[in-house]
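Chain residues, written in single-letter form:
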Amino acid sequence: MTILHLDTSINGDNSASRQLTRSIVEQLKGSLWGEQVLYRDLAADPLPHLTLDQFADTSVLDEFFAADAIVIGAPMYNFTLPTQLKSWIDRIVIAGKTFRYGANGPEGLAKGKRVIIALARGGFYNEGSPAAALEHLETYLRGVFNFIGIEPEFVAADGLAVSPEQREQSLAGALGETVRLAA
Ligand SMILES: Cc1cc2nc3c(=O)[nH]c(=O)nc-3n(C[C@H](O)[C@H](O)[C@H](O)COP(=O)(O)O)c2cc1C
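Residues numbered from 1 in each chain as written. Predicted model: local features only at pLDDT ≥ 70, side-chain atom pairs only at ≥ 80, totals over all residues. Heavy atoms only, no water.

**Student:** Hey, could you run me through the sheet that holds strand β6 (residues 114–120) in this one?
**Tutor:** Within a beta sheet, neighbouring strands are joined by backbone hydrogen bonds and run either parallel or antiparallel to one another. Strand order across the open sheet formed by five strands is β2-β1-β3-β6-β7, with parallel pairing between neighbours. Unpaired on one side and paired on the other, β2 (36–41) and β7 (153–157) mark the two borders of the sheet. Averaged over all pairs of adjacent strands, the angle between their axes in this sheet comes to 15°, without regard to strand direction. Relative to β2, strand β1 (residues 2–7) runs parallel, the two sharing six bridges. (Pairing = 2+ DSSP bridges. Helix = DSSP H or I, 4+ residues; strand = E, 2+ residues; numbered from the N terminus. Axes fitted to C-alpha atoms, helices over the stretch in contact; angles between N-to-C directions.)

Here it is, written out as structure tokens:
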């Protein structure tokens, strides 16, 4: 089994999403899920913005196809995903490879992979909350992975910028969730 581990936070050692992805990968390895872990730090080694020429380079898509499980750290930046992660997504959502349009509309072709996403958000975006309409991170990631045939699993640390106490509480809760997710 191969695990693809992606981090995207620019916050280095202070990153909540990095702590969460590390824990998820450790759990997966512990349950003998992953003999091999491939790590990409998309903040330290960003993929360039997509250009037409780069469609010829399928290395990121090949890595995605080779993975049985993909663990992604996804901090919220300006209500959505970091551009570092968007550049990666631009290389895996490819017509004829991970989706196609058939008689019944779009069909995902990347079924059978496990995708676990660690969300880290400064505020709260629960349904009914004042900022709910600005949540374009989890909704986007769910939509894009559904589009290619995958139901992603999420673990979320929210309200991280509200107060140090809230940060500690949210992070502890989310770290606890990673154990359940990886079981
Ligand atoms: C550039 C930038 C933009 C951010 N934008 C938002 C935002 O729109 N909404 C929010 O709730 N938090 C926002 N935050 C806070 C982060 O989501 C929060 O600090 C989170 O912990 C980042 O994940 P990390 O700890 O893995 O780096 C932003 C942080 C940065 C650095």
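That covers the picture; the talk isn't over yet.
**Student:** Looking at this structure, I do not really get the site of the ligand. What am I missing?
**Tutor:** Taken together, 16 residues lie near the ligand, and Ser 9, Ser 15, Ser 17, Met 76 and Tyr 125 sit nearest. A distance of 2.7 Å is found between an oxygen atom of the ligand and a side-chain nitrogen or oxygen belonging to Ser 15. Between the ligand and the protein, one listed contact pairs a nitrogen atom with a backbone N or O atom of Asn 78 at 2.8 Å. In the complex, the protein chains occlude 77% of the 620 Å² of accessible area that the ligand would expose alone. Each residue belonging to the shell around the ligand can be placed in one class, and the counts come to eight nonpolar, seven polar and one charged. (Near = heavy atom within 4 Å. Polar contact = N/O pair within 3.5 Å; in protein donor to acceptor, adjacent residues only side chain to side chain. Areas by Shrake-Rupley, 256 points an atom, 1.4 Å probe, with all protein chains shown as cover. Nonpolar A, V, L, I, M, F, W, Y, C, P; charged D, E, K, R; others polar.)

Scope: geometric values only; no functional claims are made or implied.
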